[in-house]
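Structure at a glance
Below, each chain spelled out in residue letters.
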Amino acid sequence: MLKIAFDSSYVYPLPPKHRFPMEKYELLPQQLLHEGTCTEENFFVPEIPNDKYILAVHDAEYYYDFLNLKLSQKEIRRTGFPLSRALVYRERLIAGGTIKAAKFALQYGIAFNIAGGTHHAYTNRGEGFCMLNDQAIAARYLQQKKLADKILIVDLDVHQGNGTAEIFEGDDSVFTFSMHCEKNYPFKKEKSDLDIGLPVETKDEEYLTALERTLPDLLENVKPDFVFYLSGVDVLATDKLGKLSLSIEACKKRDRFVLETLKANNLPVECSMGGGYSTEIKHIVEAHANTYRLAQGIYF
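Worth saying up front: this structure is predicted, and the values here are computed from it rather than measured.

A few points about the environment of R293
Note on placement: R293 falls in helix α10 (residues 281-299). On a C-alpha basis, the gap between R293 and L218 in space is 25 Å, while along the polypeptide they are 75 residues apart. If near-sequence neighbours (up to four positions away) are discounted, R293 is found in contact with Q31, E35, T37 and E286.

Encoded structure:
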């Protein structure tokens, strides 16, 4: 069964006209239920993880300042979200959702978190709508619990996974792969194990060709036993914060290729949603929903 982490606290109240489309976290589960892709049984409510799993990734001073609402105004501005107890709860819960989804992926082959993909969170700071790096935390959890050894993170958000790259820099047990728009946020890139920086306005064919040439060889060379997939839909041409030019159909082809390739290699995968900032919320929800539709068709 396809298991999906979701809780109503994922929908965090923001000031009017905030550029982050928080309502997508409410609309996406509703759409999946409405169309029959999922039932209530597919969804599970995550739990707050033990601090020790978060501290396996994040610096203690930063984490406890975040936990106790002691971040400076500069640090808060860098994240893009107003700091509150509700935000701290939300971010910890998202990390717990990705941990549990990773465990479900070991059982069923694939599992999702409606939120997550918080790849701009560094060891010692948050930025770009990311406070705690959910997939990094879950990767360390799997390793600590001896549930996985070699992990591959496939990050196809339009923005480089700079925080994830920094967290696992020099760590051979986690391979970080980021394919993103080169001339876009973050403007100072970190060094992933493999970075593919695409030109502005890269279109469907060029994008898909780059991915298809890369992923199979990567699996052959890295030989992971678990994969985290960040399936951001800010690669769309309609995205306000992305600078690539993919159609919704190409985004769907991207996800199909990734999931079919991982399934053919018997690799369990946890999927976190990542970014999506199209002007019309329907484009964001449709592109995200495609990932779930494909997972149901390919795995179940």
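There's more to say after this.
Quick word on the sheet that holds strand β6 (residues 194-198)
Pairing within the open sheet is parallel, and its 8 strands lie in the order β2-β1-β3-β8-β7-β4-β5-β6. Two strands lie at the open edges of the sheet, namely β2 (43-44) and β6, each paired on one side alone. The pairing of strand β3 (residues 110-113) with strand β8 (residues 269-272) spans 4 bridges and is classified as parallel. Along β8, the bridge assignment pairs A111 with E270. In this fold helix α9 (residues 248-264) packs onto β3, β7 (226-230) and β8, with an angle of close to 175° to the strand it touches most, β7.

Quick word on the side chain of T98
Along the chain, T98 falls in helix α5 (residues 85-108). By relative accessible area, which is 0% here, T98 ends up buried. Here the side chain of T98 touches D134 through a polar contact of 2.7 Å, side chain to side chain. When neighbours within four sequence positions are excluded, T98 is seen to be in contact with N113, D134, Q135, A138, F228, E270 and S272.

Let's talk about the packing of aromatic side chains
Using the criterion set out here, one finds 17 aromatic pairs in the structure. When the centroid spacing of 5.9 Å and the interplanar angle of 70° are considered together, the rings of F20 and Y277 count as edge-to-face. Here the residue F20 occupies a position in the loop between β1 (3-5) and α1 (24-35), and Y277 occupies one in the loop between β8 and α10, the gap between them amounting to 257 residues. With relative accessibility at 9%, the residue F20 sits in the buried group. Judged by relative accessible area, which is 8%, Y277 ranks as buried. Ring centres of F44 and F104 lie 5.0 Å apart, and the angle between their planes is 55°; this geometry places the pair in the tilted category. Placement of F44 in strand β2 and of F104 in helix α5 is noted, with a sequence separation of 60 residues between them. Within the aromatic cluster, the residues linked to one another by ring pairs are Y12, F20, Y25, F81, F129 and Y277. Taking the ring centre of Y122 as reference, the NZ or CZ of R125 above it sits at 3.7 Å.

Calculation criteria
- Residues numbered from 1 in each chain as written.
- Predicted model: local features only at pLDDT ≥ 70, side-chain atom pairs only at ≥ 80, totals over all residues.
- Heavy atoms only, no water.
- Helix = DSSP H or I, 4+ residues; strand = E, 2+ residues; numbered from the N terminus.
- Contact = heavy atoms within 4.5 Å.
- Pairing = 2+ DSSP bridges.
- Axes fitted to C-alpha atoms, helices over the stretch in contact; angles between N-to-C directions.
- Buried < 20%, exposed > 50% of the residue type's maximum accessible area, 1.4 Å probe, protein only.
- Polar contact = N/O pair within 3.5 Å; in protein donor to acceptor, adjacent residues only side chain to side chain.
- Phe/Tyr/Trp six-rings, centres within 6.5 Å; stacked < 30°, edge-to-face > 60°.
- Lys NZ or Arg CZ within 6 Å of the ring centre and 35° of its normal.

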